Amino acid sequence: LKMSWFWLYLPLHLLMATCLCHSIKAPTTSSQESFKTNLFNFYHSLILADGKETTIHLLKDIPKRYYFALEEGRVLAPFSITVTPCDVPIEWSILVYKSPPGKATPGDHDTQEVSKSQKASSIVSTIFNYKGNSVETYMGMSSHSALYLLEFLSTERDTHITVYLTTDTTSGHLYPELPADPRIDVIGIGHTTVTLTWKHSPSVLQHRESIQYCLLVNEKHNYKSLCAAETAIRSSGMKLPPTLALSLSPYLLEPQQVMILSNSELSIINKVSSGEVRQVCMGTKNTYTVPSLSPSTQYYFDVFIVNLLTNASAAYTGTFARTLEEPEPKVTELKDGKVIHVVLDGKKQKFYSLQYQARHKKILFTFQLCRGQIRVHITRNGKTVASENLSGLRYFSLKGKLLDTYLVQLRSTEEFNSSVKVQASPHFHKPLFPLLPESLKIKSFSKLRTCRSVTIAWLGTQEESKYCVYRKRIEEDQIWRELQSADRCSGPESRRKSEKVLCKYFYDLNLQRAVTTETIKGLEAGTLYLFDVYLFGPSGIPVRYHSKVVKTRKKC
């Protein structure tokens, strides 16, 4: 792609005279003003590079002008100009400056019958203008005796655009080609997924190794170009990688971004004020199922075909779809005094619902957290009466009216499964769990440790109850797993008989003295042991104290 260096380096006033000398010899007052204006425009214009994408920054209400001329000696030559707005709509136009048909000579200018208006029109004419934010391409034929002026204007705010001029229309394209039908088809909609497909770009068939598809998902609107999408996300207060094609390096990510790489697909999720913006590059696959969406939410989908070598892209026609509403969760009936053991899926993060119809005014809900972390939400006749995260054993004493309907919703707050035991009963019902002490912690005494024994203590209550102590030998790398995976609802029946140390009864009416100690003997030196204490009440259902890990002394 060549530009005439003669045209480019010729002083502008001489260049103008070269183009226009055959049109005007002695301008009148009106044409003289037009001439001065056109000359001013060229003096304040820049040369537009041929065969290269140029980024242009526009200030609000201040026009910016670029010009170009073709290689001298070519009578007619094709050229194309592609303008991509990267934010707000802009106005742009192409003006051509050329001499009139035929060349006037000094001897015959007096005999030509040319009006003033004909002279003026022979100097400048507008061949194209556009206003909007779509990617537009102008293709035309140029003569060597013409200069072209491109004028750009933003009336909304400061912005930037990209402009690509080429006079070589035979050796390929900077931008990947779109298919004849560039629409994105929605072929499947679920509660949390949307499946999309689109027709292959001709560029994929020709340059498979350097071309890839990238998908943008957001909850706001469609974008007509990749740079428009990136500008919008940046304006939300985050810094993006230069393009999706270059978003393959983890060090480019910001704290608000999450990158997921699986099955050769790169996903980048940006947390912005208007919701999630998700970017996925999937190579040359033209069908994709977008996972992990929110139910009953409208999403906008844009597919861009990206040239990894030139970083240029082309946009398919965006589409949108609304995910299906989440089905009503199945509701399990709670009956007076009956215990229900609920296991919650941590990955799906769905609510498990229990319903209870009150036959008494005062109701007691009991929750025993077995594993993980759980959020409980209780409503009475549609109004919230309790909502909190569960920890250990928890009671909710509620007062209402006969036949009130209570809905209990449970959800795991961990990524792994959680479980809980639930009971609803009237206040005078036989209690499910024993009377609990102020703390369920087990204490060990470091000074009383020996190579063969450990002394532990725990709190009791004012009610005579049965306590059973169990021990288990463990290794260093097992501590975290044993403490995290322990089922706090399981009783001694899940333990080996060899792990049982003793069972004892005790109580004290004075809570200050309701403490018991036990020295466990027959241990090995320098060894880790896991100790558990189970408390049994009148119903026989045990409550497990928090496990305690103690290491015997290595030398005595």
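Look a little higher up for the structure.
Let me begin by describing the structure that accompanies this report. (Residues numbered from 1 in each chain as written. Predicted model: local features only at pLDDT ≥ 70, side-chain atom pairs only at ≥ 80, totals over all residues. Heavy atoms only, no water.)

1. Concerning the packing of aromatic side chains
And then number 1: A complete count under the given rule lists 18 aromatic pairs for this structure.
And then number 2: By the ring-pair criterion, three or more aromatic residues cluster together here, those being Phe68, Phe79, Trp92, Phe128, Tyr138, Tyr148 and Phe152.
And then number 3: Stacked on the ring of Phe396, the Lys or Arg Arg394 has its end atom at 4.3 Å from the ring centre.
And then number 4: Positioned above the aromatic ring of Phe536 is the side chain of Lys466, whose terminal nitrogen or guanidinium carbon lies 5.5 Å from the ring centre. (Phe/Tyr/Trp six-rings, centres within 6.5 Å; stacked < 30°, edge-to-face > 60°. Lys NZ or Arg CZ within 6 Å of the ring centre and 35° of its normal.)

2. Brief notes about the pattern of salt bridges
And then number 1: Summed over the entire model, instances satisfying the criterion amount to 14 salt bridges.
And then number 2: Note that Asp87 is salt-bridged to Arg157, the shortest N-O span being 2.9 Å. With Asp87 in the loop between strand S4 (77–85) and strand S5 (90–98) and Arg157 in the loop between strand S8 (146–153) and strand S9 (159–166), the pair connects residues that are 70 residues apart, well separated along the chain.
And then number 3: What makes Asp87 partly exposed here is its relative accessible area of 24%.
And then number 4: For the salt bridge of Glu476 with Lys551, the shortest nitrogen-to-oxygen distance reads 3.9 Å. Residue Glu476 is found in the loop between strand S31 (465–474) and helix H7 (479–485), and its partner Lys551 is found in strand S36 (residues 548–551); the two are separated by 75 residues along the sequence.
And then number 5: Members of the salt-bridge network, linked through shared partners, are Arg495, Glu499, Asp532 and Arg544. (Salt bridge = Lys/Arg side-chain N within 4 Å of Asp/Glu carboxyl O. Helix = DSSP H or I, 4+ residues; strand = E, 2+ residues; numbered from the N terminus. Buried < 20%, exposed > 50% of the residue type's maximum accessible area, 1.4 Å probe, protein only.)

3. Some details on the sheet that holds strand S21 (residues 339–344)
And then number 1: The antiparallel open sheet is built from four strands, whose spatial order is S21-S28-S23-S26. Edge strands, defined here as strands with exactly one partner in the open sheet, are S21 and strand S26 (393–399). Between one strand axis and the next, the sheet turns by 20° as a mean value, whatever way the strands run. (Pairing = 2+ DSSP bridges. Axes fitted to C-alpha atoms, helices over the stretch in contact; angles between N-to-C directions.)

4. Some thoughts on unusual backbone geometry
And then number 1: In this model, Ser296 sits at a positive phi of 50°, which is unusual for a non-glycine residue.
And then number 2: Here Ser296 is to be found in the loop between strand S16 (287–290) and strand S17 (298–307).
And then number 3: Residue Asn381 is not a glycine yet carries a positive backbone phi of 55°.
And then number 4: Locating Asn381 in the fold gives a position in the loop between strand S24 (374–380) and strand S25 (383–389).
And then number 5: Since its relative accessible area comes to 49%, Asn381 is described here as partly exposed.

5. So, empty space enclosed by the protein
And then number 1: Counting across every chain of the model gives two cavities of 30 Å³ or more.
And then number 2: What the largest cavity holds in volume is close to 90 Å³.
And then number 3: Taken together, Gln368, Leu369, Gly392, Leu393, Leu440, Arg488, Val543, Arg544 and His546 make up the lining of the largest cavity.
And then number 4: Of all elements in the fold, only strand S23 (362–371) and strand S35 (542–544) reach the threshold of two or more residues within the lining of the largest cavity.
And then number 5: Residue classes in the lining of the largest cavity are distributed as four nonpolar, three polar and two charged.
And then number 6: Shared between two domains, the lining of the largest cavity holds at least three residues of each, these being domain 3 (331–425) and domain 4 (442–551). (1 Å grid on protein atoms, 1.4 Å probe; cavity = no way out; pocket = protein on both sides within 12 Å on 5 of 7 lines; lining within 4 Å. Points joined across faces, edges and corners; volume = space filled by probe spheres on them. Nonpolar A, V, L, I, M, F, W, Y, C, P; charged D, E, K, R; others polar. Domains from an automatic or database assignment.)

6. A word on the pairing of strand S27 (residues 405–412)
And then number 1: Two strands pair when backbone bridges link them, and strand S22 (residues 352–357) and S27 are joined in this way by six bridges, in the antiparallel orientation. Among the inter-strand pairings, Ser353 is bridged to a residue of S27, identified as Gln409.
And then number 2: The sheet contact formed by S24 and S27 spans seven bridges and is antiparallel. Of the residues in S27, the one forming a bridge with Ile378 is Val408.

7. Re the side chain of Thr54
And then number 1: Within the secondary structure layout, Thr54 lies in strand S2 (residues 52–58).
And then number 2: With relative accessibility at 16%, the residue Thr54 sits in the buried group.

8. Some words on the state of the cysteines
And then number 1: One pass over the structure, following the stated rule, counts five disulfides.
And then number 2: In this model, Cys214 is linked to Cys281 through a disulfide, with the two sulfur atoms separated by 2.1 Å. Every disulfide takes its handedness from the sign of the S-S torsion; for Cys214 and Cys281 that torsion is 105°, giving right-handed. Taken together, the residues Cys214 in strand S12 (residues 211–218) and Cys281 in strand S15 (residues 275–281) connect sequence positions 67 residues apart. Cys281 carries the same exposure label as Cys214, and that label is buried.
And then number 3: Taking only the cysteines that form disulfides and numbering them from first to last, the protein has the pattern 1-3, 2-4, 5-8, 6-10, 7-9. (Disulfide = S-S within 2.5 Å.)

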